[in-house]
Amino acid sequence: MKLIAVTGAGAGLGRHIAQRALEQGYEVAGFSRSKPGKDPGFPLTVGDVTDHAAVAAFFASLRKKGASCQKESGKEGLWGIVNAAGIASMNLLPATPPATMADVLKVNLLGVMHCCAEGAKLLLRDSGRKGGRVVNFSSIAAPLALAGESVYAASKAGVETFTRCLARELAPFNITANVVAPGPIATGILRGLSQEQIDAVVQRQVVRRMAEPEDVWNLVRFLLDERSSMISGEIIHLGGV
Amino acid sequence: MISAEEAGDFIIRCIRAERGEQKDCPPLTGQSPLLGRDAVLTSLELVRLLLLLEDWCAEKGASFNWTSDAAMSGNRSAWRTVESLARHLALAQKDGRKDER
């Protein structure tokens, strides 16, 4: 059974991905800022992706757990990392508080870097000879350069370039790294946007409908699959731009 | 505490195990380069070596932090040669002990 680590697994898209991965037969380890009220059905570690020590401890715990259970249960160790943790700030730049700018960059970009750096070390150990998968998240806000999303879009553009570089570093180990960049999805991250604002973005997509969490999972599932081994360093825009 | 000699021996054993018996390879010494054109390991093998070192240190109750701004510098990297890596490792353990006091 392949282990997938999912950040942002306490709510929204991350939780949907974690639950669907579990249903598809993956072992799931979630990481989230807060514990959800209801049992998510998979182990969830509470921690902040901006806290490097917390991220390192999370992956160290997965390593210990993997080492102790692999022999008897046929578990395969860490196979994939899905970095779904993210925050958004929709605001005109002059009106954006500096603390918000820092938070968005820290969670969306630095957090992904922390998780990829610590997670990659474990992937190299567990899947060094077999391979592995990294799936990061961007948004169509980056290629569309949406007004009012400069800080958020910049953080996601950073994730895209970071992932393309990472893909080259991990390629010799048969580990792929890709980015899923969806349009608006009905999750908490859209809180604060009016329906008109959301519709305006959707109308700029090639496929003019709002994506469902399941649309995202369909793509993530493919990227996690062994059959996607020739796809790496790619930014896949869900909905099309 | 891990000595530089002990670390150097371990590093050479790991490189031998990684490369296998290769007739046309120069003999491994403390000056064998780990980075650059003449490196005795590929970048992939170097990463594997660093992971092995991390495990080896952990077994000995020590820690090995291989993050460094100078990691890939041809002049300043602690990973330049077998000897520089071994010395870096021994020094890190010493510094760690100092910090504990």
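Before any of the text, the structure's been laid out above.
This section reports on the structure supplied with the text. Note that this is a predicted model, so its numbers are computed, not measured. (Residues numbered from 1 in each chain as written. Chains lettered and ligands numbered in written order. Predicted model: local features only at pLDDT ≥ 70, side-chain atom pairs only at ≥ 80, totals over all residues. Heavy atoms only, no water.)

We now examine the interface of chain B and chain A. Listed as interface residues are eight residues of chain B and, on the opposing side, seven residues of chain A. Both faces considered, chain B and chain A share a buried interface measuring about 730 Å² in area, 56% of it formed by carbon and sulfur atoms. Considering only the side of chain B, the residues that lose the most area to chain A are Leu-44, Arg-48 and Leu-51 of chain B, jointly responsible for 54% of the buried surface there. Taken together, the links from chain B to chain A amount to four salt bridges. Our count for the contact surface shared by chain B and chain A stands at four residue pairs in polar contact (both at pLDDT 80 or more). Sorting elements by how many residues they give to the side of chain B that touches chain A places helix H2 (residues 43-59) of chain B first, with six residues. Residues that form the side of chain B that touches chain A fall into these classes: four nonpolar, no polar and four charged. (Contact = heavy atoms within 4.5 Å. Buried area = accessible area lost by both parts, 1.4 Å probe. Salt bridge = Lys/Arg side-chain N within 4 Å of Asp/Glu carboxyl O. Polar contact = N/O pair within 3.5 Å; in protein donor to acceptor, adjacent residues only side chain to side chain. Helix = DSSP H or I, 4+ residues; strand = E, 2+ residues; numbered from the N terminus. Nonpolar A, V, L, I, M, F, W, Y, C, P; charged D, E, K, R; others polar.)

A word on the pairing of strand S4 (residues 78-83) of chain A. Residues and elements named next belong to chain A. Across the six residues that make up S4, a large majority, six, are buried. Note: strand S1 (residues 3-7) against S4, five bridges, orientation parallel. Its bridge partner lying in S4, Thr-7 is registered against Asn-83. Pairing of S4 with strand S5 (residues 132-137), which is carried by four bridges, proceeds in the parallel orientation. Across the sheet, Asn-83 pairs through a bridge with Asn-136, a residue of S5. (Buried < 20%, exposed > 50% of the residue type's maximum accessible area, 1.4 Å probe, protein only. Pairing = 2+ DSSP bridges.)

Residue and element names in this part refer to chain A. The buried fraction of strand S6 (residues 175-182) amounts to eight of the eight residues, a majority that puts the element mostly inside the structure. Alternating positions in S6 separate into two faces, Ile-175, Ala-177, Val-179 and Ala-181 on one and Thr-176, Asn-178, Val-180 and Pro-182 on the other, with burial throughout. Direction of pairing for S5 relative to S6: parallel, over a ladder of six bridges. Considered in S6, the bridge of Phe-137 is made with Val-180.

Residue and element names in this part refer to chain A. The sheet built from seven strands is open, its strands ordered S3-S2-S1-S4-S5-S6-S7 with parallel pairing. Across the chains shown, the open sheet's two edge strands, defined by having one partner strand only, are strand S3 (44-46) and strand S7 (235-238). Adjacent strand axes in the sheet meet at a mean angle of 20 degrees when their direction is disregarded. With respect to the sheet, helix H5 (residues 150-170) is in contact with S5, S6 and S7, its orientation differing from that of S6 by roughly 160 degrees. (Axes fitted to C-alpha atoms, helices over the stretch in contact; angles between N-to-C directions.)

For the rest of this paragraph, the subject is the packing of aromatic side chains. The full count for this structure, using the stated rule, is four aromatic pairs over all chains. With a centroid separation of 5.0 Å and 65 degrees between ring planes, the pair formed by Phe-58 of chain A and Phe-59 of chain A is classed as edge-to-face. As far as the burial class goes, Phe-58 of chain A and Phe-59 of chain A line up, both buried. The interplanar angle of 55 degrees and the centroid separation of 6.3 Å between the aromatic rings of Trp-66 of chain B and Trp-79 of chain B together place this pair among those described as tilted. Taken together, the residues span a long stretch of sequence, with Trp-66 of chain B in the loop between H2 and helix H3 (82-100) and Trp-79 of chain B in the loop between H2 and H3 at a distance of 13 residues. The same class applies to Trp-66 of chain B as to Trp-79 of chain B, namely buried. Grouping aromatic residues by their ring pairs yields a cluster made of Phe-31, Phe-58 and Phe-59 of chain A. Note that Lys-2 of chain A overlies the ring of Trp-79 of chain A, its terminal NZ or CZ placed 4.8 Å from the centroid. (Phe/Tyr/Trp six-rings, centres within 6.5 Å; stacked < 30°, edge-to-face > 60°. Lys NZ or Arg CZ within 6 Å of the ring centre and 35° of its normal.)

Side-chain pairing between opposite charges can occur once the charged atoms of the two side chains come close. One pass over the structure, following the stated rule, counts 12 salt bridges over all chains. Here Asp-55 of chain B makes a salt bridge to Arg-63 of chain A, at a shortest N to O gap of 2.7 Å. Here the residue Asp-55 of chain B occupies a position in helix H2, and Arg-63 of chain A occupies one in helix H2 (residues 52-73), the pair thus bridging two chains. Judged by its relative accessible area of 36%, Arg-63 of chain A falls in the partly exposed class. Of the charged contacts in the structure, one is a salt bridge between Lys-121 of chain A and Glu-54 of chain B, with a shortest N-O distance of 3.2 Å. Of this pair, Lys-121 of chain A sits in helix H3 (residues 98-127) while Glu-54 of chain B sits in helix H2, each in a different chain. Under the relative-accessibility criterion, Glu-54 of chain B is labelled buried at 17%.

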